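Working through the structure, step by step
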Amino acid sequence: MSSHESSFFEDVVRNFDKAAAFLNYPQGLLDQIKVCNSVYHFSFPVHTESGYEVVSAWRVEHSQHKLPTKGGIRYSTSVNEDEVKALAALMTFKCAIVDVPFGGAKGGIKIDPRKYTPDQLQRITRRYTAELVKKNFIGPGIDVPAPDYGTGQREMAWIADTYSALNPGQIDASGCVTGKPISQGGIRGRVEATGRGVFFGIREACNNKEDMKRLGLTVGLDGKRVVVQGLGNVGYHSAKFLQDSGCIIVGIAEFEGAIHNSKGLDVLSVWKHRTETKSIFGYPGAVELKNGLDALELDCDIIVPAALEKQITSSNAPRIKAKIIAEGANGPTTPEAEEILNQKGILIIPDMYLNAGGVTVSYFEWLKNLQHVRMGRMGKRFVESSTMQLISTIERVTEHMLSYDEKMRLTHGPDEVDLVNSGLEDTMISSYNEIHSIWKEKKCPDMRTAAFIGSINKIATSYMELGIFP
Ligand code: NAD
């Protein structure tokens, strides 16, 4: 970062201040909402073939206005205190905007996970968890981590197991982390939740006639040309759901470069190709771009940045042709770039709303862990048999018999995954409309400012109703 370039946390604060200017809260209250309450930086040794290595790690709890705090854990060489603080702050505002009753937190370990064996990663993850336990920075009612860049179900299972071992007999121990495998108390639909939420948010935006008219786009997803940056958890699932709903994925960018094809790239087969060959290059029929960032400048309607922060900056923003930037990643657009994009009339669907699907379903997983029962288990059969009785009565009265398939479809009682997806869809639709109305009512410059306004209002109310601020 050069001396004049703002840090990620400064960017978050800048966006916060921009929104706070539309509100009338005392400065002290705004300062309390902005600040990171607890920052824990620690180091520990890891033994590898090349000897001992000291690893740096963080956990930041940004706001405890609601408990537990919640936020992912990132494994990346670019992890640093400023980044973890920024991501923790974004979590606070994200939870507030989608009405998930948590404060924000984030964790990170400064490593490149690809350089370690699974056994070494397991030791690193378990040690990290033990350090959090020592300082009371983890627990179902304290702080609940989740997956983020470079981590997934496997790491979450190690965290849950370590926490349980260090807290024997704690009945709610599995609620100390979310994003776990199903066998370890995870919930169906969590893996793809962030991408599914990104898809619901984009669908909502594209269904708004007035906005689409202003952008010169047709209403709906059908035929929209999409570029996705990052084919990991968020990028892959966002792209897959968009493709399945009629979008054409014209470009995919990864670490090593990008590929594009104006006729469309099949997301699943690109993913398989990259998994098998370890590179996106060599995919049949695609044009290759050596610099992955160039994909963001391709001719398309929607860009989904789903890799890392600060990808759209003042240097590439003027050349962006897309009409919608759908922020799957956290912080992919710098405030300078946002000003340029706003002037060009581009619609930015902000990260703190758009990628909130993960934390929403994490909330459902946490509830499942505290309830100790799978969602749908108590009601599924009851719904099925009462709907079947209703159908039989209608058949008798109308003398019209439904086919077996029709009956099965109509009487299907909700499974866990049906309830999770339905709760997620409802959350993403209602939050989009909430942010959209603030945007229009307050006449603020962009949806990010509107989302911050909504979050600040909710957090400020929480502090004021506690009597901490008048
Ligand atoms: P991931 O590790 O599963 O995937 C990230 C992908 O981006 C990887 O395939 C990686 O190779 C690729 N990548 C790295 N640098 C790149 C570059 N310069 N250009 C193009 N591709 C690059 O991570 P993820 O969980 O999908 O997270 C991605 C983003 O989404 C992060 O900003 C994260 O904070 C955010 N996010 C994730 C979740 C979640 O549930 N996983 C939830 C909310 C937000």
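So, a few notes on the structure that sits alongside this text. (Residues numbered from 1 in each chain as written. Predicted model: local features only at pLDDT ≥ 70, side-chain atom pairs only at ≥ 80, totals over all residues. Heavy atoms only, no water.)

Notes on the state of the cysteines
Disulfides are covalent bonds that connect the sulfur atoms of two cysteines. Under the definition given, this model contains zero disulfides. Just so you know, cysteine 36 is unpaired, no disulfide at all, and the nearest cysteine sulfur is the one on cysteine 95, 14 Å from it. Cysteine 176 forms no disulfide, and the closest cysteine sulfur to it belongs to cysteine 95, at a distance of 17 Å. (Disulfide = S-S within 2.5 Å.)

Remarks on the nonpolar core
In this structure, Ile202, Val304 and Ile349 are the most contacted members of the largest nonpolar core, which totals 95 residues. Ranked by residue count, the leading element in this core is helix H3 (residues 81-97), at eleven residues. Summarising the domain contributions, this core has at least three residues from each of domain 1 (36-186) and domain 2 (188-379 + 414-470). Core analysis: the second largest hydrophobic core is formed by 25 residues, Tyr75, Ile109, Ile124 and Val177 among them. (Core = buried A, V, L, I, M, F, W, Y, C linked by side-chain atoms within 4.5 Å. Buried < 20%, exposed > 50% of the residue type's maximum accessible area, 1.4 Å probe, protein only. Helix = DSSP H or I, 4+ residues; strand = E, 2+ residues; numbered from the N terminus. Domains from an automatic or database assignment.)

Structural notes on the packing of aromatic side chains
All told, the structure shown has 15 aromatic pairs when counted by the stated rule. Plain terms: the ring middles of tyrosine 40 and phenylalanine 137 are 5.1 Å apart, the flat faces sit at 45 degrees to each other, and that makes the pair tilted. Of the two residues, tyrosine 40 is situated in strand S1 (residues 38-48) and phenylalanine 137 in the loop between helix H4 (118-134) and strand S5 (143-147); the sequence distance between them amounts to 97 residues. Judged by its relative accessible area of 10%, tyrosine 40 is buried. The interplanar angle of 90 degrees and the centroid separation of 5.6 Å between the aromatic rings of phenylalanine 102 and tyrosine 363 together place this pair among those described as edge-to-face. Of this pair, phenylalanine 102 sits in the loop between H3 and strand S4 (103-109) while tyrosine 363 sits in helix H12 (residues 357-371), and the two are 261 residues apart along the sequence. The lysine or arginine in question, lysine 290, covers the ring of phenylalanine 281, its NZ or CZ lying 4.5 Å from the ring centre. We note lysine 440 situated over the ring of tryptophan 439; from NZ or CZ to the ring centre the distance is 4.0 Å. (Phe/Tyr/Trp six-rings, centres within 6.5 Å; stacked < 30°, edge-to-face > 60°. Lys NZ or Arg CZ within 6 Å of the ring centre and 35° of its normal.)

Things to note about the sheet that holds strand S6 (residues 225-229)
With mixed pairing, seven strands are arranged side by side in an open sheet as S9-S8-S7-S6-S10-S11-S12. The sheet is open, and its two borders are formed by strand S9 (287-289) and strand S12 (347-349), each paired with just one other strand. The mean inter-strand angle of the sheet, taken between neighbouring strand axes irrespective of direction, is 15 degrees. Pairing of strand S11 (residues 324-326) with S12 involves three bridges; the strand directions are parallel. When the sheet's bridge partners are listed, alanine 326 is paired in S12 with isoleucine 349. (Pairing = 2+ DSSP bridges. Axes fitted to C-alpha atoms, helices over the stretch in contact; angles between N-to-C directions.)

Brief notes about the side chain of glutamate 192
Note that glutamate 192 resides in the loop between helix H5 (153-166) and helix H6 (193-206). Salt bridges are absent for the buried glutamate 192, whose nearest opposite-charge side chain, arginine 196, sits at 4.1 Å. Look past the residues within four positions of glutamate 192 in its chain and what remains in contact with it is His237 and Phe241. (Lys, Arg positive; Asp, Glu negative; His and termini not counted. Salt bridge = Lys/Arg side-chain N within 4 Å of Asp/Glu carboxyl O. Contact = heavy atoms within 4.5 Å.)

Points about empty space enclosed by the protein
Under the criterion given, the structure shown has one cavity of 30 Å³ or more. The space that makes up the largest cavity amounts to roughly 90 Å³. The wall of the largest cavity is formed by Phe8, Asp11, Val12, Asn15, Leu90, Lys310, Gly331, Thr333, Thr334, Asp351, Arg448 and Phe452. Within the residue set of the lining of the largest cavity, elements represented by two or more residues are helix H1 (8-20) and helix H16 (447-465). With four residues, H1 is the single largest residue contributor to the lining of the largest cavity. (1 Å grid on protein atoms, 1.4 Å probe; cavity = no way out; pocket = protein on both sides within 12 Å on 5 of 7 lines; lining within 4 Å. Points joined across faces, edges and corners; volume = space filled by probe spheres on them.)

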